[in-house]
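Commentary on secondary and tertiary structure
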Amino acid sequence: MSLERTPPYLQVVAALKARIVSGELSHGDTLPSVRELSAQYEISTATAQKVFRTLKAEGLVEARQGSATTVSTRRTLHRTAADRLEAALSTGRIYTDGEYAVITAADLSEPPEWVADLLGIEAGTPAVRRQRITHNSDDQPVSASTSWFSGDLAETVPALLVKERIVGGTPSAIEAATGRRAIASEEAATAAAASEEQANLLGVTPGAPVLLSRNVYVDAEGDTVEVGESVAPAGRWRVHRN
């Protein structure tokens, strides 16, 4: 759908969603009033009210009688691989305010066959593996993920093998060392029942519904820079932006 044909309220919803998903607007930030939003985007107050109703229905904001409307993402928003890559490229940060990751593994390991295929390496060839659990500001785990990289990056980007966060994220570190810039991502996801291991990582009951995702970051030549897989608990919304 072209922007010109998109209803004005959805254009504003999309603009605010983009700022929320990127982390420019963080949990608890105050949004403009209806009148301010109306003036800022040159829309009617009725349209501005519709914008807030839509964002509230999608669990991205909250408003109480007599209070300002604030961003509310702590328990509702699931940031995809594409969201995090966009944040890394535009802001130099993978995580938003209040989020943090605990790196649980950083080593050379034999990847699953599907990962080896996407990395373009022979089955059984070691690859760099980084595992992490991402938490929100309430210290609740919001996802557990594993990233895989070609084994030759172990020497060119030694930080990949250190169990510490990489400031700016792995795409930035790889670009700084090799000049290869991840510019796009592909992601597939499916609903599943949590395994015992996944349940322990996320603090949910085994068999509880979870979202499984697999993603690939590619450079300008279309070559794979990173392959990832993640699991997130139910009840968190993915936001798609056109």
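Scope of this entry: the structure provided in the associated data block.

The rules behind the values
- Residues numbered from 1 in each chain as written.
- Predicted model: local features only at pLDDT ≥ 70, side-chain atom pairs only at ≥ 80, totals over all residues.
- Heavy atoms only, no water.
- Buried < 20%, exposed > 50% of the residue type's maximum accessible area, 1.4 Å probe, protein only.
- Helix = DSSP H or I, 4+ residues; strand = E, 2+ residues; numbered from the N terminus.
- Pairing = 2+ DSSP bridges.
- 1 Å grid on protein atoms, 1.4 Å probe; cavity = no way out; pocket = protein on both sides within 12 Å on 5 of 7 lines; lining within 4 Å.
- Points joined across faces, edges and corners; volume = space filled by probe spheres on them.
- Nonpolar A, V, L, I, M, F, W, Y, C, P; charged D, E, K, R; others polar.
- Axes fitted to C-alpha atoms, helices over the stretch in contact; angles between N-to-C directions.
- Contact = heavy atoms within 4.5 Å.

1. Description of the pairing of strand β5 (residues 127–135)
Across the nine residues that make up β5, a large majority, eight, are buried. As paired elements, strand β4 (residues 100–109) and β5 share nine bridges and run antiparallel to each other. Residue V102 lies in a different strand from β5, and its bridge partner there is I133. Bridging between β5 and strand β6 (residues 141–150) involves nine bridges; their strand directions are antiparallel. Opposite Q131, over in β6, you have T146 as the bridge partner. If you look at the hairpin formed by β5 and β6, you'll find five residues sitting between the two strands, and D139 has a positive phi there, around 65°.

2. Thoughts on the layout of surface pockets
Considering only enclosed or pocket space, the largest pocket measures out at about 400 Å³ in volume. As for the largest pocket, its lining consists of 18 residues, of which Q131, T146, L201, E229 and V231 are closest to the centre. Looking at the lining of the largest pocket, the elements with two or more residues in it are β5, β6, α8 (196–202), β8 (209–218) and β9 (224–233). A per-class count over the lining of the largest pocket returns six nonpolar, seven polar and five charged.

3. Observations regarding the sheet that holds β9
Within the open sheet, the six strands sit side by side as β4-β5-β6-β9-β8-β7. Their pairing is antiparallel. At either end of the open sheet lies a strand with only one pairing partner, and these are β4 and β7 (184–193). The mean inter-strand angle of the sheet, taken between neighbouring strand axes irrespective of direction, is 15°. Helix-sheet contacts for helix α7 (residues 169–178) involve β5, β6, β8 and β9, and the interaxial angle to β9 is about 170°.

Shape is all these values report; function is a separate question.
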